[in-house]
Amino acid sequence: MLEILYRDEHLIAINKPSGLLVHKSFYSGEADTYAIQELKKQIGQKVYPVHRLDRKTSGVLLFTLDKEMLKTMSDVFAARAVEKKYIAILRGWAKEEETIDYDLINENEVKQNAVTRYRRLQTSEIDLPFLKHQTSRYCLVEATPETGRFHQLRKHFKHILHPILGCRKHGCNKQNKLWLQTFGINKMTLHAHQLIFNHPNSGEKIIINAAIDDEFKKVGDILNLDLSAYS
C-alpha cells in the first residue's frame, strides 16, 4: 500500500518509495509496477501525475484526480509557484550554502538553464579509509531546485564535486562500492521531503511532508546524522 500524505477532491499526494517508477518511460526502462497504476488500484479511480521523481528518489509525489486540475497544477509548476525541498547526503563537505547555476543537456540534447539552491545542514566524518584518506567525509544538505530538469540535483551535485551518496549514474562508483562492501548499502540518499504551494481553488497554503525510509535512516545512523526532523 502506498502511503497517502494528502488528499482532497482534486489532489492526492503519496510518499513514493525508492525504486518505484512513476510511469512508463523510454528513459527509465521497464518495470513490473508503476506508481500511477498502483495508486489507481488503491483508491479505485484514475490519477494524473503532476510532476515526476527519479526511480531511485523517494518522497512527495503529487497527482490530480481530474484532467482539469492537471492543467491547472501543471501551470502552477510551470510558473515556479511550487517549492520543492529535498534532502541529500553528499560526499565531502559542501559549502554552507550555494546557488548552482549550471546549464544541463536534456534527453533531446538541448541545453537548458538549471538552478539549484542548497544549504548544508550537518557534517560527518567517519573512520572509513578511502583511497589516500584514512577517513571519509559526508554532509547532509537541503536542496531547493528552482527549475525541474532531468536528474538536475544529481547532475548539479556532481558538477560541484560533491556527488550524492549512492547515486550510480552521476555519483562516485568507488564510494558506492565501498558502502556496499562495508555496510551492505547501495541506497541513493536523495529524498523529496517537502512540497509547498497554494491550493488553486481555496488559496490555502498546502505543505506536504514525507518521512524518509528505513534505509535512509540506516545511512544516517552510520554517519551519526540527526534525521529526526525527517522521520
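A brief report on the enclosed structure follows. Everything numeric here is computed off the predicted structure, so don't read it as measured data.

1. Concerning the packing of aromatic side chains
Part 1: In this structure the tally under the stated criterion is three aromatic pairs.
Part 2: Ring centres of Y118 and F157 lie 5.5 Å apart, and the angle between their planes is 65 degrees; on these two criteria the pair is classed as edge-to-face. Of this pair, Y118 sits in strand β9 (residues 115-126) while F157 sits in helix α3 (residues 152-159), and the two are 39 residues apart along the sequence. The pair Y118 / F157 is uniform in exposure class, with both members buried.
Part 3: An angle of 50 degrees between the planes, with centres 4.6 Å apart, marks the rings of W179 and F183 as tilted. Of the two residues, W179 and F183 are both situated in helix α4 (residues 173-183); the distance of four residues between them amounts to about one turn of the helix.
Part 4: Among the residues examined, W179 registers a relative accessible area of 2% and is labelled buried.
Part 5: A relative accessible area of 26% places F183 in the partly exposed class.
Part 6: Clustering of aromatic rings is evident, with ring pairs tying together Y138, W179 and F183.
Part 7: R137 extends its terminal NZ or CZ atom over the ring of W93, reaching a point 3.7 Å from the ring centre.

Calculation notes
- Residues numbered from 1 in each chain as written.
- Predicted model: local features only at pLDDT ≥ 70, side-chain atom pairs only at ≥ 80, totals over all residues.
- Heavy atoms only, no water.
- Phe/Tyr/Trp six-rings, centres within 6.5 Å; stacked < 30°, edge-to-face > 60°.
- Helix = DSSP H or I, 4+ residues; strand = E, 2+ residues; numbered from the N terminus.
- Buried < 20%, exposed > 50% of the residue type's maximum accessible area, 1.4 Å probe, protein only.
- Lys NZ or Arg CZ within 6 Å of the ring centre and 35° of its normal.

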